[in-house]
Amino acid sequence: MSTNHPEVEPRRDHDWIMARVEEFKATGETEPRVARDPINQPMINNWLEAIGETDPRYKDGIAPPAMAQVWTMYGLDPTRPANDPLHGTMQMFDEAGFHSVLGTNCDQTYARDVRVGETVSITTRLESVVGPKVTGVGEGYFVTTLNTWWVGHGDDREAVATMLFRVLKFKPAKRAAKVDKTQLVRPQMNQDTEYFWQGTAIGELRIQKCNACGELRHPPGPMCPTCHAHDRGYVVASGKGTVFSFIVHHAPQLPGKELPVTLALIELEEGLRMIGEVQGNRDQIAIGAPVEVAFEKIDDDLTLAQWSVVA
Ligand code: ZN
């Protein structure tokens, strides 16, 4: 009997993954990739409008530091440089069966302002891969890359900003036969937000109010952004509003939720906007559709404000 076997595919197991990770790490930092355009005021103006930033410095040639990533974004062309470690690592995990991805952390640091007319370039390296870890969405690996933005070339180049970017590359967990609502990701509760959750528990949708100037605000915070007073209370909202925008979330699986889930930005009658889940008939959901709040008790510690379209 012959002992010759056809060439078999390597087992894409943990050891195979970590060996590939070491290869990616060993390639170190990529060659600088130069931004498509120099830093320019029209792009800054678009960003300021989208974010709602009004600091006058950014109308006068200084780019908002948080725009760092904007300048070197890939366009619509889906091709990536062969040595891009994030792209390469993602492909490797796809081959190993970890097809889903979830952004988890993004930490930026800024060394100095950049100005209109300067051209930045970006380098990237694979910082770390940690796993396998069992998470609420499934088993996976945390992949961290370090991006650095530079001005200038060679020995004269100057790092202006960095970004540690972490994603979870995972295999979605098998769906439980019956969803246990109490397993949902709990909202953060602290002294700034407890009035809200005390309200939902008794069927009230509460909006934070500045006791000094009377301004309403949401999400809640410790200080009035208008008059800087700390004295805060709340009013009870009518619970009526309209859909300002919405998404239908199909994947990845969310603990305690049956998918798909419709998440909307609700424009309240009181003039503020609040994010919430819209339940019921998905076909009725449209931008501008009138909605009404209802309260869903999850357990003794949590009652959620949920929305449904008013027929
Ligand atoms: Zn105020």
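In every chain, residue numbers begin from 1 and rise along the written sequence. It should be noted that, the model being predicted, local features are given only for residues of pLDDT at least 70 and side-chain atom pairs only at 80 or more, the latter also being counted only at that level, while totals for whole chains, interfaces and linings use all residues. Excluded from the side-chain calculation are hydrogens and water; included are all heavy atoms of the structure.

J.: Which parts of the structure should I look at to understand the packing of aromatic side chains?
T.: A ring pair, where both rings are aromatic, is described by two values, the distance of the centres and the angle of the planes. When two rings of Phe, Tyr or Trp (its six-membered ring) have centres within 6.5 Å they constitute a pair, described as stacked for plane angles under 30 degrees, edge-to-face for angles over 60, and tilted for the intermediate range. The final tally for this structure, using the stated rule, is six aromatic pairs. Taken together, a centroid distance of 5.9 Å and an interplanar angle of 20° make the contact between tyrosine 195 and tyrosine 234 stacked. In this pair, tyrosine 195 is assigned in helix H5 (residues 194-201) and tyrosine 234 in strand S10 (residues 232-236), connecting sequence segments 39 residues apart. Residue burial is assigned from relative accessible area. The probe radius is 1.4 Å, only protein chains are included, and a residue is buried under 20% of its type maximum, exposed over 50%, and partly exposed in between. By relative accessible area, which is 10% here, tyrosine 195 ends up buried. Judged by relative accessible area, which is 38%, tyrosine 234 ranks as partly exposed. Aromatic rings pair up to connect Tyr195, Phe196, Trp197 and Tyr234 into one cluster. The ring of tyrosine 74 carries arginine 80 above its face, with NZ or CZ at 3.7 Å from the centroid. Strands are runs of DSSP state E lasting at least 2 residues, helices are runs of H or I lasting at least 4, and numbering of each runs from the N terminus. Charges are assigned to positions over rings by a cutoff of 6 Å between ring centre and Lys NZ or Arg CZ, combined with an angular limit of 35 degrees from the ring normal.

J.: Where do I start with the nonpolar core in this structure?
T.: Generally speaking, a soluble globular protein has its nonpolar side chains buried in company with each other. In terms of nonpolar packing, the biggest core is built from 24 residues, with Leu205, Ile266, Leu268, Val278 and Trp307 touching the most fellow members. Looking at this core, the elements that each hand over two or more residues are H5, strand S12 (261-268), strand S13 (273-279), strand S14 (290-299) and strand S15 (302-309). Looking at this core element by element, the count peaks at five residues for S15. In this description, a nonpolar core means a group of buried Ala, Val, Leu, Ile, Met, Phe, Trp, Tyr and Cys residues linked to one another through side-chain atoms lying within 4.5 Å. Trp71, Val160, Ala161 and Met163 belong to the second-largest nonpolar core, a separate cluster that totals 19 residues.

J.: Got a minute to help me understand the coordination of the zinc ion in this structure?
T.: Put simply, the ideal angle at a metal is 109.5 degrees for four donors in tetrahedral geometry and 90 or 180 degrees for six donors in octahedral geometry. For the zinc ion, the full set of protein donor atoms is Cys210 (SG), Cys213 (SG), Cys224 (SG) and Cys227 (SG), at a range of 2.3 to 2.4 Å. Distances decide who is a donor: an N, O or S atom must be within 2.8 Å of the metal, or within 3.2 Å for Na, K and Ca. Water is not included, so sites may look incomplete. Irregular is the default label, applied whenever a site is not tetrahedral (four donors, all angles between 85 and 135 degrees) and neither square planar nor octahedral (four or six donors, opposite donors over 155 degrees apart, all other angles between 65 and 115). Taken together, the four donor atoms surrounding the zinc ion define angles of 104 to 114° at the centre, an arrangement classified as tetrahedral. Of note, the donors binding the zinc ion are all from one chain and are spaced C-x2-C-x10-C-x2-C. Cysteine 210 sits in the buried class, given a relative accessible area of 0%.

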